[in-house]
Amino acid sequence: NKKTWQFNVQTELENASYEQACCVVKACLLDKNSQVMELYSEEISLNSYENKIVKLNGEISNPTLWDVENPYLYNVVVTVSVNGEIVDEETISMGFRYYHFDSQKGFYLNGRHLKLKGVCCHQDHGGCGVAVPDEMQYQRVKLLKDMGANMYRSAHNNPAKEILDACDKLGLLVIDENRRFEASVENLKHIESVTKRDRNHPSVFLYCLFNEEALQNTEEGRRIFKRLKYEVKKH
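Each value, and the rule that gives it
Residues numbered from 1 in each chain as written. Predicted model: local features only at pLDDT ≥ 70, side-chain atom pairs only at ≥ 80, totals over all residues. Heavy atoms only, no water. 1 Å grid on protein atoms, 1.4 Å probe; cavity = no way out; pocket = protein on both sides within 12 Å on 5 of 7 lines; lining within 4 Å. Points joined across faces, edges and corners; volume = space filled by probe spheres on them. Helix = DSSP H or I, 4+ residues; strand = E, 2+ residues; numbered from the N terminus. Nonpolar A, V, L, I, M, F, W, Y, C, P; charged D, E, K, R; others polar. Pairing = 2+ DSSP bridges. Core = buried A, V, L, I, M, F, W, Y, C linked by side-chain atoms within 4.5 Å. Buried < 20%, exposed > 50% of the residue type's maximum accessible area, 1.4 Å probe, protein only. Contact = heavy atoms within 4.5 Å.

Q: Where do I start with empty space enclosed by the protein in this structure?
A: Here the idea is plain: a probe the size of a water molecule rolls over the atoms and shows the empty space left. Here the structure, examined in full by the defined rule, presents one cavity of 30 Å³ or more. The computed volume of the largest cavity comes to approximately 50 Å³. Around the largest cavity, the lining residues are Asn 158, Asp 176, Asn 178, Ile 191, Val 194, Thr 195, Tyr 207, Cys 208, Leu 209 and Val 232. Those elements that place two or more of their residues in the lining of the largest cavity are α3 (185-198) and β13 (204-208). With three residues, the top contributor of residues to the lining of the largest cavity is α3. Here the residues of the lining of the largest cavity sort into six nonpolar, three polar and one charged.

Q: Sorry, what's going on with the sheet that holds strand β8 (residues 106-109) here?
A: Hydrogen bonds between backbone groups are what pair the strands of a sheet, and the pairing can be parallel or antiparallel. Here three strands make up an open sheet; going across it, the order is β7-β8-β9 and the pairing antiparallel. Since the sheet does not close on itself, it has two edges, and those belong to β7 (99-102) and β9 (112-113), each with one partner. Pairing analysis gives two bridges linking β8 to β9, with the strands arranged antiparallel. In the sheet register, Leu 109 faces β9, and the bridge partner there is Arg 112.

Q: I would appreciate a short explanation of the nonpolar core in the present structure.
A: Most often, soluble globular proteins have nonpolar side chains that are buried together. Phe 7, Leu 13, Val 25, Leu 29 and Phe 96 are the most contacted members of the largest nonpolar core, which totals 21 residues. When contributions to this core are tallied by element, the ones reaching two or more residues are β1 (4-14), β2 (21-30), β3 (36-46), β4 (51-61) and β5 (74-82). For Phe 7, the residues in contact, after removing those within four places along its chain, are Leu 29, Tyr 40, Leu 56, Asn 57, Gly 58, Glu 59, Val 76, Met 94 and Phe 96. Listed in part, the 14 residues of the second largest apolar core include Cys 121, Ile 163, Leu 164 and Leu 172.

As structure tokens, then:
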């Protein structure tokens, strides 16, 4: 509900050694002032070369919501410790928000009606092709925001992580677009990889699975789309 949110952390562990390992996984939620909001931990045992998914669950009351006008971000710090010593650590930026579409009235973000004003933006940039410096990615997103845009469509490939980071910080919603329209094993792994990479970005609210494909409006295209849609929803 609006006051209490379920907070779920899923961590994938791998014991790459030839011995059994016992570790403690901790997840810590930090606000903008680096104040600890919540802390979860669990002790895990892994056999040699075993992979295991650890799920830590909790609740947070009245979080500050991420919005295009107030893009408030939290950090989740996940650590893995063995015998009291941290052996792995990762910090992930995220935000709390909810949205829905109304067939008559349009789009709502955090219960507020929002007119989407977006751009279709290719990743390449004049003078440097697709090898765009991180600071230039941020500056371009900032210029779009200053223009009055509140949405970014990555045409016609999955956006660079730096673009999503900029949209998170500056408050632009993102349509995360996939280029390859096929249900091959290789592309399904690509869809899984991209979804896992981008799913914690509060800016990402839609995934686009193809663009201007010859197979659109065909039975084969419909089946491919459903397969890719399933893969996104699964992850």
